[in-house]
Amino acid sequence: MTDWKQRLREVNRPGDSRAVIAHLHPGDVSTSFSESLADTLALDRGRLLMPDGRSAVMHSFCGGGQISQGRNECAAAFLDGHPAADLLIFIDSDMGGDPDAVEFLAQTMDATGLPILGGLCFGAKALPCQPGEQRGHELDVFPTLYAWDESRGGFDTKYDYPPDSLVEVGATGAAFIMIHRRVLEAIRESEGDQWFTPVRVDDKPKPFGEDLSFCMRARKHGFPTHVHTGVKTSHHKSVWITERTYRDLRVPSASAVTAVIPVKDNLTMTRDLLGQL
């Protein structure tokens, strides 16, 4: 048994883990977030209740450049203010999910003892303007699944992933991620309340983001990160709609092709020909 499994077994209460939702916001939230949160709380049967009967939901107001600070504040408030809770889940205010997503992640962590488990999330990065795009930007959309590349000291995006599966990753985003209390305690004991403070590596000009930095810290302490690709989420982003966008979305899918292979009584040749289509 690995060290992290032993450490979690000592403090985990299988099947009875209490959870706290934390969300960051810049002063407003997406309707997809508010509606998803309402659905989640309506479905809850006690996992998200505090001893006084209130829902275990907290938030942090943070603008641009303050995300790491906001996440650190929430992690500290969870450890100090919710001693009976085992699991902290960050759900950012531009995220949406199914009503049972939080419950599913918690049940999976209870059953497996995993220390960090995220849902399947996607990010989007605006690409440089191209001629004829009327100052609009196309978006590069990617799953927030990352593998560590030792040769260059950085993360690579894992564009391909198995559906509806538990996947170990080098790091994932923190927009929809559940963390066991023991992970936060271990980092606090070693580094103080710096769970999400950006990390610099070697001579890199920029530090890693707060989410990747957290996963790096956790792994250093022996806690791996997993994502369940069956836990779907939505991520509310602004987009530019151009004629090219319209035409790309209107392209019909390829129609089925019927092939007649006139090879009588020769199964091997027929199979080989069909395999080349």
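Residues numbered from 1 in each chain as written. Predicted model: local features only at pLDDT ≥ 70, side-chain atom pairs only at ≥ 80, totals over all residues. Heavy atoms only, no water.

### Considerations on the nonpolar core
Threshold: We call a set of buried Ala, Val, Leu, Ile, Met, Phe, Trp, Tyr and Cys residues a nonpolar core when their side-chain atoms join them within 4.5 Å. In this scheme, a residue with accessible area under 20% of its type's maximum is buried, one over 50% is exposed, and one in between is partly exposed, where area comes from a 1.4 Å probe on protein chains only. Numbering of helices and strands runs from the N terminus; a helix is a DSSP stretch of H or I covering at least four residues, while a strand is a stretch of E covering at least two. Contact between two residues is taken to exist if any of their heavy atoms lie within 4.5 Å; hydrogens are not considered.
Core analysis: the biggest nonpolar cluster contains 37 residues, and L88, L184, W195 and F214 have the highest contact counts within it. Of all elements in the fold, only β1 (19-25), α3 (67-81), β3 (87-91), β12 (176-180), α5 (181-191) and α6 (210-220) reach the threshold of two or more residues within this core. Ranked by residue count, the leading element in this core is α3, at 5 residues. Among residues more than four places away in sequence, those in contact with F214 are I116, I179, V183, L184, I187, W195 and F196. Listed in part, the 21 residues of the second largest apolar core include F33, L87, V102 and M109.

### Notes on the packing of α5 against α6
The condition is simple: To obtain an axis, a line is fitted to C-alpha atoms, over the contacting stretch when the element is a helix, and the angle between two such axes runs from 0 to 180 degrees between their N-to-C directions. Under this scheme an angle from 65 to 115 degrees is roughly perpendicular, one under 35 degrees roughly parallel, and one over 145 degrees roughly antiparallel; angles in between are oblique.
Interhelical geometry of α5 versus α6 gives an angle of 85° and a closest axis separation of 10 Å. When the axes of α5 and α6 are compared, the pair comes out roughly perpendicular. Residues V183, L184, I187 and E191 of α5 lie in contact with α6, whose contacting residues are F214, R217, A218 and K220.

### Considering unusual backbone geometry
The phi angle at D164 is positive, at roughly 50°, despite the residue not being glycine. Looking at the element boundaries, D164 is found in the loop between β9 (154-157) and β10 (166-169).

### Comments concerning the sheet that holds strand β11 (residues 171-172)
Rule in force here: When DSSP locates at least two bridges between a pair of strands, those strands are taken to pair.
Taken in spatial order, the 3 strands of this open sheet run β9-β8-β11, and their pairing is antiparallel. In this open sheet, the two strands that pair with only one neighbour each are β9 and β11. Of the strand pairs in this sheet, strand β8 (residues 145-149) and β11 are connected by 2 bridges, and their pairing is antiparallel. Looking at the pairing, Y146 lines up with A171 of β11.

### Examining the environment of Q134
Along the polypeptide, Q134 turns up in the loop between β6 (122-126) and β7 (139-143). In sequence terms Q134 and E243 are 109 residues apart; their C-alpha atoms lie 9.9 Å from each other.

### Looking at the packing of α3 against α5
Quick note on the threshold: Classes in brief: Ala, Val, Leu, Ile, Met, Phe, Trp, Tyr, Cys and Pro nonpolar; Asp, Glu, Lys and Arg charged; the others, Gly included, polar.
Look at α3 against α5: their axes get within 11 Å of each other, and the N-to-C directions meet at 105°. Looking at the two axes, α3 sits roughly perpendicular to α5. Together, A75, A76, F78, L79 and D80 of α3 and R181, L184, E185 and R188 of α5 make up the contact between the two elements. Classifying every residue of the contact of α3 with α5 gives 5 nonpolar, no polar and 4 charged.

### Comments concerning the packing of aromatic side chains
The description of an aromatic ring pair uses the distance of the two centres, along with the angle that the planes make with each other. What counts, and what does not: For Phe, Tyr and Trp, rings pair up if their centres lie within 6.5 Å, where Trp contributes its six-membered ring, and each pair is then called stacked (planes under 30 degrees apart), edge-to-face (over 60) or tilted (otherwise). Lysine and arginine charges are scored as sitting over a ring when NZ or CZ, respectively, is within 6 Å of the ring centre and within 35 degrees of the ring normal.
Taken as a whole, this structure holds 5 aromatic pairs when the rule is applied. Taking 5.4 Å as the distance between ring centres and 80° as the angle between the ring planes, the aromatic pair formed by F90 and F196 counts as edge-to-face. Here F196 lies in the loop between α5 and α6 and F90 lies in strand β3, a separation of 106 residues in the sequence. With respect to burial, F90 and F196 carry one shared label: buried. Among the aromatic residues, ring-to-ring pairing joins F90, F196 and F214 into one connected group. Lying over the aromatic face of F90, R71 brings its terminal NZ or CZ to 5.2 Å of the ring centre. Seen from the ring of F78, R181 lies directly overhead, with NZ or CZ sitting 5.1 Å from the centre.

### Some words on the pairing of strand β5 (residues 116-120)
Every other side chain in a regular strand lies on the same face of the sheet, so the side chains alternate between the two faces. The buried fraction of β5 is high, at 5 of 5 residues. Looking at chain direction, β5 and β12 are connected through 3 bridges and run antiparallel. Bridge pairing links G118 to I177 in β12.

### Examining the pattern of salt bridges
Where we set the bar: Salt bridges are defined as contacts in which a side-chain nitrogen from Lys or Arg sits within 4 Å of a carboxyl oxygen from Asp or Glu.
What the rule picks out here adds up to 16 salt bridges. Its salt-bridge partner being D92, residue R71 comes within 2.8 Å of it at the nearest N-O pair. Taken as a pair, R71 in helix α3 and D92 in the loop between β3 and β4 (95-97) lie far apart in primary sequence, 21 residues in all. With a closest N to O distance of 3.3 Å, R219 and E168 form a salt bridge. With R219 in helix α6 and E168 in strand β10, this pair connects stretches of sequence that are 51 residues apart. Since its relative accessible area comes to 38%, R219 is described here as partly exposed. A network of salt bridges, in which partner residues are shared, links R47, E103 and D110.

### Structural notes on the pairing of β9
Two elements, β8 and β9, share 4 bridges in a ladder whose sense is antiparallel. Each bridged residue has a counterpart across the sheet, and for A147 the counterpart in β9 is D156. Joining the antiparallel neighbours β8 and β9 is a turn of 4 residues, in which G153 adopts a positive phi near 65°.

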